[in-house]
Amino acid sequence: MIQLTVNIMGQSYTLACKEGEQATLQQAVAYLDEKMCAIRDTGKIKGNDRIAVMAALGIAAELLSTQPGDGLFAGLTVAEWKQSITAMHEVLDDALAPQEKLF
């Protein structure tokens, strides 16, 4: 396993991934960061946990509406889809973990 330090909405996270999956994880992080920052910047939603959930819902909707050969997951095999989704799941878990300590 390789550890990468990434930033999501200005907060640093250390994430682990398998050898050779760094680029996919970094791409997922960049995509998530873009979505979360866009939601935060609207000023309508407060709290990182709520922003993360809204971003996750938006990404899930994009995924479900994407036809094979279109969009973010164009040309990926089923295994690559699973890998991308797993990487996104790990990023979301890591982003939400600090919020759990607040409750």
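Remember, predicted model here, so these are calculated numbers, not experimental data.

Reading the values: the criteria
Residues numbered from 1 in each chain as written. Predicted model: local features only at pLDDT ≥ 70, side-chain atom pairs only at ≥ 80, totals over all residues. Heavy atoms only, no water. Buried < 20%, exposed > 50% of the residue type's maximum accessible area, 1.4 Å probe, protein only. Helix = DSSP H or I, 4+ residues; strand = E, 2+ residues; numbered from the N terminus. Pairing = 2+ DSSP bridges. Axes fitted to C-alpha atoms, helices over the stretch in contact; angles between N-to-C directions. Parallel < 35°, antiparallel > 145°, perpendicular 65-115°, else oblique. Left-handed = near helix turned anticlockwise from the far one by under 90°. Contact = heavy atoms within 4.5 Å. Nonpolar A, V, L, I, M, F, W, Y, C, P; charged D, E, K, R; others polar.

Undergrad: Whenever I open this one, the pairing of strand β1 (residues 2-8) confuses me. Can you help?
TA: The side chains of a regular strand alternate, residue by residue, between the two faces of the sheet. Here β1 shows one buried face, formed by I2, L4, V6 and I8, and one open face, formed by Q3, T5 and N7. Here seven bridges tie β1 to strand β2 (residues 11-17), and the two strands are oriented antiparallel to one another. In the strand pairing of β2, T5 is matched with T14. Connecting the antiparallel pair β1 and β2 is a turn made up of two residues, with M9 showing a positive phi of about 50°.

Undergrad: What am I meant to see in the packing of helix α1 (residues 22-42) against helix α2 (residues 48-65) here?
TA: Two packed helices can be described by the angle between their axes and the distance between those axes. Here α1 crosses α2 at 120°, and the two axes come no closer than 9 Å. The orientation of α1 with respect to α2, classified from their angle, is oblique. The crossing of α1 and α2 is right-handed. Residues Y31, L32, K35, M36, I39 and R40 of α1 form the contact with α2, whose own contacting residues are N48, I51, A52, M54, A55, I59 and E62. For the contact of α1 with α2, the per-class residue count stands at nine nonpolar, one polar and three charged.

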